[in-house]
Amino acid sequence: MTNTFNRRIFLRGAGLAGLSLAAGGLTLPHIARAASTQIKIVSNPGLENATLNALMEKQGYFKKFGVDALVLEAPGATGPFDAIAAGAGDVCMVSGYNMVLSRIEQGAKVKIVGAGMKKAALTVFAEPGIGTLADLKGKTVAVGPKLGLLHALMLQLLKEKRVDATQVNFVDKGSNDQAYQAVVKGEADACCSSISHLNDKDGLVAVGEGNMWEALPRYTFQTAYASDAAIAGKREGLVAVMAAYGSLYDYLMTPEAQEAFFAARQSIQKKKFDEASAKAVWDFNQVQRPYTKDLSVSDGDIDYMQDMFIGLGSLKQKHPVDAVADISMARDAAKLLG
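**Re the overall build of the protein**
Looking only at helices and strands, the protein features 15 helices and eleven strands. Taking all 338 residues of the protein together, 52% fall into the buried category. Approximately 14,500 Å² of the protein is accessible, and the part contributed by carbon and sulfur atoms is 50%.

Written out as structure tokens, the structure is:
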């Protein structure tokens, strides 16, 4: 029997305008004990997330692990966390949000449960003539909101490279794509943006020192997080969800996934498929291997993030790891995968 879902009832009951079913609707039959309870998986509707959702549906990993999943979209950087904190979702697996620890500190009944993409798929793009991070002094750098993901990672990058960030003029241009376009239009000298632009022919250059996956190797780019209620009441389902994503990531890192990856991405960009962008992401995934089937995060990496955000001023104090994270389900999922 296939579950059904009434979108309008869900939105009204949740009180969160903007949540919607992801394309394809991933509700699956109950085929295992893990599926005795439906798991609401929330992500924001960006291209990379939508591609992963399409791949997950096509490859059937939810079915393989007996997951009764409902994939929901919540727009904006804060959307998935807001939905989960409000009880409208159970877990977020693929949408990076750098304020997770801060929101937990503020009282949100949520914990980090693992990782999605472990390596940061961002770099610094600049006009020709800017070859090092030190060259950014006196320049305008396009990022997103103050202490949002792009701004925070730029501040940490400059700090670790011993470049005085007070000598850089940061401007909020919104998303990483908007930040990139700001440089193309001459509104900024450089930006922090997605590696999906590495093949663009706009005359910008990637600043080698600005490769976030190399410069900030201990930063977990996408933390997976779940509500305390889901952790307490839907543990088996969450383990199965994490095993499904671990399988997806393991597959995505193989050459055999190329055709399926491009087909999934093209299914999202129906009107204007950006092949150059798709190839940049595919090459990055194959060379840098930002995902792994083991979704666990070490205590040391959580401590690194806490120290980082305390230094940036978005976190007040360091908390015991078990107060902000429960990685046991990721470890159990890894055991299922062998």
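**Describing the packing of helix α2 (residues 47-59) against helix α10 (residues 235-252)**
Viewed as axis vectors pointing N to C, α2 and α10 meet at an angle of 100°, and their least axial separation amounts to 11 Å. It follows that α2 is roughly perpendicular to α10 by the angle criterion. The residues of α10 that touch α2, namely those facing Leu52, Asn53, Leu55, Met56 and Gln59, are Ala244, Tyr245, Leu248, Tyr249, Tyr251 and Leu252.

**A short note on the sheet that holds strand β7 (residues 140-143)**
Taken together, the five strands give an open sheet; going across it, the order is β8-β7-β9-β6-β10, and neighbouring strands pair in mixed fashion. In this open sheet, the two strands that pair with only one neighbour each are β8 (169-172) and β10 (205-207). Here the average twist between neighbouring strands, direction ignored, is 35°. Relative to β10, strand β6 (residues 122-126) runs antiparallel, the two sharing three bridges. Bridge pairing links Phe125 to Ala206 in β10. Seen against the sheet, helix α7 (residues 176-184) touches β6, β7 and β9 (190-194) and runs at an angle of roughly 145° to β9.

**Regarding the pattern of salt bridges**
Think of it this way: side chains of opposite charge can pair up when their charged atoms draw near. Summed over the entire model, instances satisfying the criterion amount to ten salt bridges. Of the charged contacts, one joins Asp90 and Lys234 as a salt bridge, the two residues approaching to 2.9 Å between their closest N and O atoms. Residue Asp90 is located in the loop between α4 (79-85) and β4 (91-92), and its partner Lys234 is located in the loop between α9 (228-233) and α10; the two are separated by 144 residues in the primary sequence. The pair formed by Asp90 and Lys234 is uniform in burial state, with each residue classed as buried. Within the structure, one salt-bridge network assembled from shared partners comprises Arg235, Asp332 and Lys335.

**Section: helix α15 (residues 328-337)**
Listed as buried for α15 are Met329, Ala330 and Ala333. Considered in projection along α15, the buried side chains sweep an arc of 100° and stay on one side of the axis. Buried positions along α15 lie against β5 (110-115), α9 and α10. Remark: Gly338 follows α15 within two positions and exhibits a positive phi of approximately 75°.

**Focus: the packing of α10 against α15**
Contact geometry of α10 with α15 gives a least axis separation of 8 Å together with a crossing angle of 55°. As the angle between them shows, α10 and α15 are arranged oblique. Between α10 and α15 the crossing geometry is right-handed. Residues Arg235, Leu238, Val239, Met242, Ala243, Gly246 and Ser247 of α10 pack against Ser328, Met329, Ala330, Asp332, Ala333, Leu336 and Leu337 of α15. Residues belonging to the contact of α10 with α15 are distributed by class as follows: nine nonpolar, three polar and two charged.

**A few points about the layout of surface pockets**
Counted as a void, the largest pocket has a volume near 1,200 Å³. Considering the residues around the largest pocket, the lining is formed by 45 residues, among which Asn44, Gly46, Ser175, Asn176 and Asp177 are closest to the centre. Among the secondary structure elements, those contributing two or more residues to the lining of the largest pocket are α2, α6 (149-160), α7 and α12 (275-288).

**Quick notes on α6**
The first and last C-alpha atoms of α6 sit 16 Å apart over twelve residues, in line with the 16 Å expected at 1.5 Å per residue. For α6, the tally of buried residues reaches nine of twelve residues, placing the bulk of the element in the interior. For α6, the set of buried residues is Leu150, His151, Ala152, Leu153, Met154, Leu155, Gln156, Leu157 and Leu158. Backbone geometry just downstream of α6 places Arg162 in the positive-phi region, at approximately 60°.

**Concerning the environment of Met253**
Here Met253 is to be found in the loop between α10 and α11 (258-268). Since its relative accessible area comes to 3%, Met253 is described here as buried. Along the chain, Met253 and Phe284 lie 31 residues apart, while their C-alpha atoms are 9.9 Å from each other. When neighbours within four sequence positions are excluded, Met253 is seen to be in contact with Asn285, Gln286, Arg289, Pro290 and Tyr291.

The rules behind the values
- Residues numbered from 1 in each chain as written.
- Predicted model: local features only at pLDDT ≥ 70, side-chain atom pairs only at ≥ 80, totals over all residues.
- Heavy atoms only, no water.
- Helix = DSSP H or I, 4+ residues; strand = E, 2+ residues; numbered from the N terminus.
- Buried < 20%, exposed > 50% of the residue type's maximum accessible area, 1.4 Å probe, protein only.
- Areas by Shrake-Rupley, 256 points an atom, 1.4 Å probe, with all protein chains shown as cover.
- Axes fitted to C-alpha atoms, helices over the stretch in contact; angles between N-to-C directions.
- Parallel < 35°, antiparallel > 145°, perpendicular 65-115°, else oblique.
- Contact = heavy atoms within 4.5 Å.
- Pairing = 2+ DSSP bridges.
- Salt bridge = Lys/Arg side-chain N within 4 Å of Asp/Glu carboxyl O.
- Arc of directions from axis to C-beta.
- Left-handed = near helix turned anticlockwise from the far one by under 90°.
- Nonpolar A, V, L, I, M, F, W, Y, C, P; charged D, E, K, R; others polar.
- 1 Å grid on protein atoms, 1.4 Å probe; cavity = no way out; pocket = protein on both sides within 12 Å on 5 of 7 lines; lining within 4 Å.
- Points joined across faces, edges and corners; volume = space filled by probe spheres on them.
- Expected span 1.5 Å × (residues − 1).

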